[in-house]
Amino acid sequence: MKWTKSLIQTLREDPGDAEIDSHKLMVRAGLMKKLAGGLYTYLPLGMRALNKVQRRVREEMDRAGALEIVMPILQPAELWKTSGRWESMGPGMFRVKDRAQHDYAMSPTAEETVTEVVKGIVSSYRQLPVTVYQIQWKFRDEIRPRFGLMRSKEFLMKDAYSFDTSLEAADASYMAMFDAYRRVFARCGLKAYPVEADTGDIGGKFSHEFHVLADAGEDGIAFCDGCGYAANLEKAERRVAARDDAPCGEMETVPTPGAKTIDEVSKFMGVPGSAFVKSLVYVADGRPVMVCVPGDRDVNEVKLRHFLDAKKVELADYDTVLAATGANAGSVGPVGPADATLRIVADQELRGARGCITGANRDDHHIRNVDLDRDTAIKAGDYADLVVVRDGDICAKCGKPLVIKRGIEVGHVFKLGTKYTDAFRAVYKNDSLEEKTMVMGCYGIGVSRTVQAVIEQSHDRDGIVWPASVAPYQVCICLLDPDRAEVAGVADELESALESAGVDVIVDDRSERPGVKFKDADLIGFPVRVVVGAKGLEKGGVEVKLRREDKSKTRVVPPADAVAAITELLAGC
Ligand code: ATP
Ligand code: MG
């Protein structure tokens, strides 16, 4: 491919709306162009990288025995009504009508569709297990589309679905996908860590997300160096030591005028935040509940929702807080709320807490010397793990300290059980001809997000540093004297020889200064740069350099040996 025919546009300036490096670089290197918020056109270079990631995904899915299909993007509403998700997906799902006013979803995912499809084909245990996959565009009306391809409204996903005869058999399908995911990401040159993830409404411990560590990641992940435990903060647990608080005197109400947050009250009273019990009123499936956590901790709403066995939890509004407690949100606490029937739950660390400070359920007042057992209605069964873990917390598995890092979720594997196969009555006949429900798993890879994650993990000041397996072109030949036929001839010959050797190559044949060509080659990040120029050829060779190495490592190779030298270098990146 010749640069002058390639529709490459590189930019010197960062796009104004880009917050993270990979987003800036994708636009500056001419991989993609924004059409509107969360919507991008993949330009030829970006399309090549996207295709390469798809190729790696296909190869590993096929190797794992999964079968490729492709399902419609438009999904009839009836399918979503059968699973109950037409309502529960809420405004995050794009919905359209046809001319006959029939409703459709624009696929945010495809559990419903695939269950309907497989149910119509599989009738006997002899046809199971089966795993199907597709690489198809997905649509989600994200609250905040941002970071380029990381969180877009339209994105390319590989979604796979396994169907098995039993829970045990489904475990094997899950593990096969888990292993395939490790291979996919490794082959894309990515270091991706499997971490335990929340299983949502399904329950069980079978859900892993694959995360690429990056400061720009939207998820927090707790890692333990001691035992290898890794979990999304939504789920991560910690060990707490039993307290041995000394008995305290009688409760005492103190005025705390104008101090609302724990920080303000703690400054006002001159005691650390940890001496406080932070109390928040939530509404869980329509009913208010007070949640108490140590003053320097944050409530984990996912854990709270599971503990309360609720579909939805959200912070209560002003009126609800007032009716439940008798005060505004800054002064509420577990001692004698206005609504004596208000359910109060508390984090496990507060079990046996004495001598603490809580809101007084009276505006601008707090209470000192609270003994939670003595002075509140919180019962033994109301304590649970309800907070977000933080750096230095103790690993629940091995007792070593946890470290918190940021991650980008590039994949997710999930054991679904019979949630969808029950709803769709997707059954098979076993060897005694009895009808049994199929057991499902689902497995997603954000293909477009993965392209950008590769860049987020592999770039430097000058631009992208592509791993050879997903680079748009593996080699860029910078032709320094395009007007001199003998020099251009050497570049052409090298181009065809490399293509014959299965290497993707682009020749920068523009009439630009060498500096411009080198800058662009570094910005786009081709793994190998070859300089072909009159001066070099006079000295007997072409210059070959790896993008990730500096200039001092440049090799001068006779044109006849260049293909061998380049393929050897590519094998190592
Ligand atoms: P997130 O927590 O990032 O919103 P999710 O858990 O909702 O993602 P899944 O339903 O598990 O996403 O989808 C499978 C994969 O699709 C994710 O692991 C992620 O890589 C990718 N993905 C999800 N939403 C988006 C998006 N808006 N833009 C790009 N990729 C996405
Ligand atoms: Mg997910």
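About the criteria used
Residues numbered from 1 in each chain as written. Chains lettered and ligands numbered in written order. Predicted model: local features only at pLDDT ≥ 70, side-chain atom pairs only at ≥ 80, totals over all residues. Heavy atoms only, no water. Helix = DSSP H or I, 4+ residues; strand = E, 2+ residues; numbered from the N terminus. Contact = heavy atoms within 4.5 Å. Areas by Shrake-Rupley, 256 points an atom, 1.4 Å probe, with all protein chains shown as cover. Lys, Arg positive; Asp, Glu negative; His and termini not counted. Charge placed at Lys NZ, Arg CZ, Asp CG, Glu CD. Pairing = 2+ DSSP bridges. Axes fitted to C-alpha atoms, helices over the stretch in contact; angles between N-to-C directions. Phe/Tyr/Trp six-rings, centres within 6.5 Å; stacked < 30°, edge-to-face > 60°. Buried < 20%, exposed > 50% of the residue type's maximum accessible area, 1.4 Å probe, protein only. Donors = N, O, S within 2.8 Å, 3.2 Å for Na, K, Ca; no water. Arc of directions from axis to C-beta. Salt bridge = Lys/Arg side-chain N within 4 Å of Asp/Glu carboxyl O. Domains from an automatic or database assignment. Near = heavy atom within 4 Å. Polar contact = N/O pair within 3.5 Å; in protein donor to acceptor, adjacent residues only side chain to side chain. Nonpolar A, V, L, I, M, F, W, Y, C, P; charged D, E, K, R; others polar.

Caption draft 1: Representation of the overall build of the protein in the model. Check the secondary structure of the protein and you find 16 helices and 33 strands. Expressed as a percentage of contacts within the protein between residues at least 6 apart in sequence, the contacts between residues at least 24 apart total 69%. Surface accessibility of the protein: about 26,100 Å² in total, with carbon and sulfur atoms responsible for 50%. Of the charged side chains in the protein, 78 are positive and 87 negative, and the gap between their average positions amounts to 2 Å.

Caption draft 2: How the structure looks around the sheet that holds strand S19 (residues 356–359). With antiparallel pairing, the three strands of this open sheet are ordered in space as S14-S20-S19. Two strands close off the open sheet at either side, each with one partner strand: strand S14 (252–255) and S19. Averaged over neighbouring strand pairs, the angle between their axes works out to 30° when direction is ignored.

Caption draft 3: How the structure looks around the packing of aromatic side chains. For the structure on display, the rule yields ten aromatic pairs. Seen from their ring centres, Phe 178 and Phe 210 are 5.3 Å apart, and the 55° between their planes marks the pair as tilted. In this pair, Phe 178 is assigned in helix H6 (residues 167–187) and Phe 210 in strand S10 (residues 207–213), connecting sequence segments 32 residues apart. For Phe 210, a relative accessible area of 0% corresponds to the buried category.

Caption draft 4: Structural context of the coordination of the magnesium ion (ligand 2). Taken together, the protein donors to the magnesium ion (ligand 2) comprise Glu 409 (OE) and His 412 (ND1), at separations of 2.3 to 2.4 Å. Residue Glu 409 is classed as partly exposed on the basis of its relative accessible area, which comes to 23%.

Caption draft 5: Layout of helix H7 (residues 262–269). For H7, every residue scored as buried is listed here: Ile 262, Val 265, Ser 266 and Met 269. In an axial view of H7, the angular spread of the buried residues amounts to 100°, which keeps them on one side of the axis. Exposed side chains of H7 directed beyond 90 degrees from the buried face belong to Asp 263 and Lys 267. For H7, the secondary structure elements touched by its buried residues are S14, strand S15 (277–284), S19 and strand S20 (365–370). Of the residues flanking the end of H7, it is Gly 270, one or two places downstream, whose phi is positive at about 70°.

Caption draft 6: Highlighting the pattern of salt bridges. One pass over the full model with this rule turns up 43 salt bridges. The partner of Lys 235 in a salt bridge is Glu 196, with the nearest N and O atoms 3.2 Å apart. Residue Lys 235 is found in the loop between strand S12 (230–232) and strand S13 (238–239), and its partner Glu 196 is found in strand S9 (residues 192–196); the two are separated by 39 residues along the sequence. The class for Lys 235 is buried, based on a relative accessible area of 19%. Among the residues examined, Glu 196 registers a relative accessible area of 22% and is labelled partly exposed. As a salt-bridge pair, Glu 349 and Arg 238 come within 2.7 Å of each other at their nearest N and O atoms. Remark: Arg 238 occurs in strand S13 and Glu 349 occurs in the loop between strand S18 (343–347) and S19; sequence separation between them is 111 residues. Ionic contacts of the salt-bridge type, sharing partners, join the residues Arg 56, Glu 59, Glu 60, Arg 63, Arg 183 and Arg 187 into one network.

Caption draft 7: Region of interest: the domain arrangement of the protein. Per the domain assignment, the segments making up the protein are domain 1 (3–236 + 404–455), domain 2 (252–384) and domain 3 (473–571). Computed over C-alpha atoms, the centres of domain 2 and domain 3 are 67 Å apart.

Caption draft 8: Layout of the site of ligand 1. Near ligand 1, the surroundings consist of 14 residues, among which Arg 140, Glu 142, Arg 151, Ser 152 and Glu 409 are the closest. Separating an oxygen atom of ligand 1 from a side-chain N or O atom of Arg 151 is a distance of 2.8 Å. Interatomic distance of 3.1 Å between a side-chain N/O atom of His 412 and an oxygen atom of ligand 1. Out of a free accessible area of 580 Å², ligand 1 has 82% covered by protein chains. Among the elements that take part in the shell around ligand 1, strand S23 (residues 402–417) stands out by supplying four residues, more than any other. Among the residues forming the shell around ligand 1, the class breakdown is five nonpolar, four polar and five charged.

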